[in-house]
Amino acid sequence: MSKQKFQAHLGMSDILPGESSAWLRVEKIIRETAREFHFEEIRTPIMEPTELIARGVGQLTDIVSKEMFAFERGDDKYVLRPEGTAPVCRAYTEHNLGQRGGTQKLFYIGPFFRAERPQKGRRRQFHQFGAELMGSADPLADVEIIHFMMTVYKKAGIKGTSLKINSVGDPESRKTYKTALQDYFRPHLDKLSEISKTRFESNPMRILDSKEEEDQDLITGAPKITDYLSESSKAHYELVKKYLAALDIPFVEDSRLVRGLDYYTETAFELVSGDIGSQDALGGGGRYDLLIEEIGGQPTPAVGFACGFERLFLAAEAQGISFEKEQSADVYIVTRGDEARLWALKQLPLLRSNGLSATMDYAGRSIKAQMKDANREQAKFAIIVGDSELETGQFTLRNMTESTEEAMALDELISKITSA
Ligand code: AMP
């Protein structure tokens, strides 16, 4: 009886050898941008305490109420992290990173998990890059974060994106707005979708996020948060727009863009693309001045963004952008006989220490099969070695693209390959 074959879980994908070079390329762009913007990498565990995520992301969000991969072991409750901000805030607080002085500019790259219904641009394991700037309430920080995010897409060559911005105000502005929204929706409660009804009392701003058909007309006529901003929130928002303009970063204001979580304050933004289907947000973020305190830290103003790799690749594919292919091997050692194989084994480290990508045959194949393999690996050069070459110290260097061969000593051969 044949053994059972396995498949990856629904909504979770392998990143195969032919694809991983594109991921590496994008990661390189992110790291390069982070260096230019002077953000340091932070790596947090894949699992976090469930309570941190519940409090950090918010009990009422879909993420916490429906989509957590959570389990218990002994007395501990674990959740596969569904997002990066709460974990980074936990690490910031746990290690007193604020005590290093100044603002903390951190970025991260990694896998995240949400038990969603998989569809285009929506996976159960997905990958984000994100950045957090902690310890500054200045609108310059908001714009630094947005600029970082935009620069990654620019470097990746993704076109036709649209930056939406809004202000969700300070807690005081939001309190007035919340009342205004409830006053507006109350007479129409019976017309709202079931999900929006449940949000009416606790978090009416999230009704504006609703994708339900029956809510749309009412949402269109709803009061706008920007009409309820306090003087200081208005001033903050004006400065964000002024600084974006100063950097020539185009944006559209969208007063419906609310991040429904209570800890979000002031600036909210989203980067959307028309090329990736109904899940059109490449990324988004905002200010969260109350979060760090909410999870037990000192009050610390902060702002951040998170973007998805999978959607970046969807946009790239739609726009015909292909990231660098896997580097081909620089050199393949083709061996004839056991002595030659031993020699190759010993010379590979030398070639590699010269910065070359070097490989050989690991299956004891014929010369012909090895040459074929070297071609398959797109090797630029092959070194052909057998007993007579070992005796004379003169090795055959084959230029695989030009199909030419020359005999030479090892050091000459290395300099020839490295300078090619
Ligand atoms: P969020 O943390 O929900 O604000 O999401 C930020 C970005 O992460 C989104 O704009 C997407 O690019 C990406 N993202 C979030 N959830 C998923 C998912 N389930 N599958 C793929 N990408 C996702």
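See the structure above.
Presented here is a report on the structure given in the accompanying data block. (Residues numbered from 1 in each chain as written. Predicted model: local features only at pLDDT ≥ 70, side-chain atom pairs only at ≥ 80, totals over all residues. Heavy atoms only, no water.)

## Some details on the packing of aromatic side chains
For any pair of aromatic rings, geometry is given as the distance between the ring centres together with the angle between the planes. Overall, the coordinates contain 17 aromatic pairs when judged by the stated rule. With a centroid separation of 4.9 Å and 70 degrees between ring planes, the pair formed by phenylalanine 39 and phenylalanine 148 is classed as edge-to-face. Pair noted here: phenylalanine 39 is in the loop between α1 (17-37) and β1 (40-41) and phenylalanine 148 is in helix α5 (residues 139-156), with a separation of 109 residues, a long-range link. Phenylalanine 148 shares its class with phenylalanine 39; the two are buried. Considering the side-chain rings of tyrosine 108 and phenylalanine 112, the 5.8 Å spacing of their centres and the 65 degrees angle between planes classify their relative orientation as edge-to-face. For the pair formed by tyrosine 108 and phenylalanine 112, the shared burial category is buried. An aromatic cluster is built from Trp23, Phe37, Phe39, Phe129, Phe148, Tyr153, Phe305, Phe309, Phe313 and Phe323, whose rings are joined through pairwise contacts. Above the ring of phenylalanine 112, the side-chain terminus of arginine 81 is found at 4.2 Å from the ring centroid. (Phe/Tyr/Trp six-rings, centres within 6.5 Å; stacked < 30°, edge-to-face > 60°. Helix = DSSP H or I, 4+ residues; strand = E, 2+ residues; numbered from the N terminus. Buried < 20%, exposed > 50% of the residue type's maximum accessible area, 1.4 Å probe, protein only. Lys NZ or Arg CZ within 6 Å of the ring centre and 35° of its normal.)

## Observations regarding the pattern of salt bridges
Evaluated as defined, the whole model comprises 29 salt bridges. As a salt-bridge pair, aspartate 62 and lysine 66 come within 3.7 Å of each other at their nearest N and O atoms. Here aspartate 62 and its partner lysine 66 are both found in helix α3 (residues 62-66), four residues apart, which amounts to about one turn of the helix. Assessed through its relative accessible area of 24%, aspartate 62 is described here as partly exposed. On the accessibility criterion, lysine 66 (54% relative accessible area) is exposed. One connected set of salt bridges, linked through shared partners, spans Arg341, Asp361, Arg365, Asp373, Arg376 and Glu377. (Salt bridge = Lys/Arg side-chain N within 4 Å of Asp/Glu carboxyl O.)

## Here's the deal with helix α15 (residues 410-418)
All buried positions along α15 are accounted for by Leu410, Leu413, Ile414 and Ile417. The buried residues of α15 occupy an angular sector of 100 degrees when the element is viewed end-on, so they sit on one face. Structurally, α15 contributes buried residues whose contacts are with β12 (331-335), α12 (338-353), β14 (381-385), β15 (395-399) and β16 (404-408). (Arc of directions from axis to C-beta. Contact = heavy atoms within 4.5 Å.)

Nothing here speaks to function; it is all geometry.
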